[in-house]
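The lines below spell out each chain.
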Amino acid sequence: MTDLSHSRNNVWRLAIAQALAGANSTVVFATGAVIGHGLAPNKSLATLPISIFVVGMAAGTLPVSAIAERFGRKTAFQVGTACGIAMGVIAGLALYLHSFALFCLAMVFGGAYASVVLSFRFAAAECVAPADRAKALSTVLAGGVVAGVIGPQLVTYTMYLYPPAAFMLTYILAGAVALIASFVLAGIQLPHTPAKADAVGGRPLGMIVRQPRFIGAVVCGVVSYALMNFLMTSAPLAMKLHGHSQEASNLGLQWHVIAMYAPSFYTGKLITRFGAKPVVVVGLALIAMSAVAGLMDVALMNFWVALILLGVGWNFGFAGASALVLECHNAAERTRVQGLNDFIVFGTMALGSFASGDLLDRYGWEVVCWLMFPPVLIAFATLAMTRGSARQPAVESPAAK
């Protein structure tokens, strides 16, 4: 098989694995707050399982980077899928025993799995020529379109199959989906440069993070992902509290996840043609519009429109910010820089996730929506400060040689 064939095979396997693994995250976001509301000793803790899931994402990023640097990304991927399987088994047991604490433990493993899954986009970008990196990155994210169908339908058709423990079979099957993803990932062939060799020619991390372009990329990634998580975490429970059914909530989340990933078929081309910054600007604007839709009414259609706008906005904002990160490092620095970026993004997400449940319980859906606007304005201001900052010269990938 030629290097070009290997590259295409890797990208498509990563996209398929993204589709399967993304279904796990979708299940968590569709049911986590609802399950928490039923199991938690205090209703203000309803979104705690999702918050712990996000903490697991943040906590997993740096160990995942270390494993990838020392043993290769493929090993890190298999460790991640093992965590996904563990989440399904432990969560299923927690629901059978009606244990809130055990369910929260399952979310730690689920978050660790999600942190590995989100590194797929960078892995795809590394195995193609520099000119194709944005396209490869967005192709992998596009795999989430399938996740947007699999996840909610998995919830809808399995949540009441075992009435004494609602959602138990949902999580057990989510673990089975992670097992299937592990077989898909077993066939990838990614280049592995040992950690010692990676360090040659790399700048100190402190120098890299002081770049205006890196600061802008991180801030925009944080705002795009944190606000998406902030609103998405609250929406299913808010829909339930306003009298909408779980099935209607599942359908709304399905369209949200499809909206998150469907634009990826074009996002890479838009980034290549117009640059990452304009794409990020559009994404931030759409995220703000999702809050406007949520403020207009609590009718089911308003929730759905808000979630769809939020999904598209996240895609443009996060894909654009990820492309900006690729402009801030060379091959010797990539693992450390990408790991640090994801750690900051997911760590900040955890704060928003922890706050959303209490804010919704205390002040309601309207306040949750109003709080979306200040971070968007901060991201716009930070992005404007990167104007004219230098890019890190691209380093040819192994596939391009």
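So, a few notes on the structure that sits alongside this text. (Residues numbered from 1 in each chain as written. Predicted model: local features only at pLDDT ≥ 70, side-chain atom pairs only at ≥ 80, totals over all residues. Heavy atoms only, no water.)

### A few points about the overall build of the protein
The line we're drawing: We count a stretch as a helix when DSSP gives it H or I for four or more residues in a row; a strand needs E for two or more, and each element gets its number in order from the N terminus. Throughout this description, buried means an accessible area under 20% of the type-specific maximum (1.4 Å probe, protein chains only), exposed means over 50%, and partly exposed covers the range between. The criterion used for residue contact is that any of the two residues' heavy atoms lie within 4.5 Å. The Shrake-Rupley method, run with a 1.4 Å probe, gives the accessible areas here. Residue values count only the displayed protein chains as cover.
A tally of regular secondary structure across the protein gives 18 helices and zero strands. Put simply, the protein has 401 residues, and 59% of those count as buried. For the protein, the share of sequence-separated contacts (at least 6 apart) that also reach a separation of at least 24 residues comes to 87%. Summed over its atoms, the accessible surface of the protein is roughly 15,300 Å², and 70% of this surface lies on carbon and sulfur atoms.

### Here's the deal with the nonpolar core
Operational definition: For this analysis, a nonpolar core means a set of buried residues of the types Ala, Val, Leu, Ile, Met, Phe, Trp, Tyr and Cys, connected via side-chain atoms within 4.5 Å.
With 101 residues, the main nonpolar core has Met107, Tyr171 and Tyr225 as its most contacted residues. With residues up to four places along the chain from it excluded, the contact list for methionine 107 reads Val28, Pro49, Ile52, Phe53, Met87 and Tyr171. By size, the runner-up hydrophobic cluster in this structure holds 27 residues, among which are Ala76, Ala112, Tyr113 and Phe120.

### Examining unusual backbone geometry
The backbone of histidine 98 sits at a positive phi, close to 55°, despite the residue not being glycine. Note that histidine 98 resides in the loop between helix H3 (73-97) and helix H4 (100-117). Unlike most non-glycine residues, phenylalanine 167 shows phi in positive territory, near 75°. If you trace the backbone, phenylalanine 167 turns up in the loop between helix H7 (144-158) and helix H8 (168-185). Residue classification places phenylalanine 167 among the buried positions, given a relative accessible area of 7%.

### Considering H7
Going by this rule: To estimate how far a helix should reach, multiply one less than its number of residues by 1.5 Å.
Over its 15 residues, H7 extends 21 Å from the first C-alpha to the last, a length consistent with the 21 Å expected when each residue adds 1.5 Å. When we look at burial in H7, the residues that qualify are Gly144, Val145, Ala147, Gly148, Gly151, Pro152, Leu154, Val155 and Thr158.

### Topic: the packing of H3 against H4
Short version of the rule: Working convention: axes come from line fits to C-alpha atoms, limited for helices to the stretch in contact. Angles between N-to-C directions cover 0 to 180 degrees. Here is the rule for angles: anything less than 35 degrees is roughly parallel, anything more than 145 is roughly antiparallel, 65 through 115 is roughly perpendicular, and the remaining ranges are oblique. Each crossing is labelled by how the near helix is turned from the far one, with a counterclockwise turn of less than a right angle marking it left-handed and a clockwise turn marking it right-handed.
Between H3 and H4, whose axes approach to 7 Å, the crossing angle comes to 160°. The orientation of H3 relative to H4 falls into the category roughly antiparallel. Between H3 and H4 lies a crossing of left-handed hand.

### Considering the side chain of glutamine 18
Here glutamine 18 lies in helix H1 (residues 3-39). Apart from the residues within four sequence positions on either side, glutamine 18 is in contact with Val117, Phe120, Val140, Gly143, Gly144, Ala147 and Tyr261.

### Examining the packing of helix H6 (residues 133-142) against helix H13 (residues 264-274)
In the contact formed by H6 and H13, the axes pass within 7 Å of each other and the chain directions differ by 160°. Of the possible angle classes, the one that applies to H6 and H13 is roughly antiparallel. Crossing hand, H6 versus H13: right-handed. Judged by residue contacts, Ala134, Lys135, Ser138, Thr139, Leu141 and Ala142 of H6 engage Ser264, Phe265, Thr267, Gly268, Ile271 and Thr272 from H13.

### Digging into a nonpolar patch on the surface
Operational definition: Within this analysis, patches are made of residues with over 30% relative accessible area and no salt bridge. Like charges are joined at 9 Å or less; nonpolar side chains (Val, Leu, Ile, Met, Phe, Trp, Tyr) at 5 Å or less. Salt bridge, as used here, is a side-chain nitrogen of Lys or Arg placed within 4 Å of a carboxyl oxygen of Asp or Glu.
There is a patch of nonpolar side chains on the surface, built from Leu93, Tyr96 and Leu97 and spanning about 310 Å² of accessible area. Within the secondary structure layout, tyrosine 96 lies in helix H3. Note on tyrosine 96: relative accessible area 47%, which makes it partly exposed.

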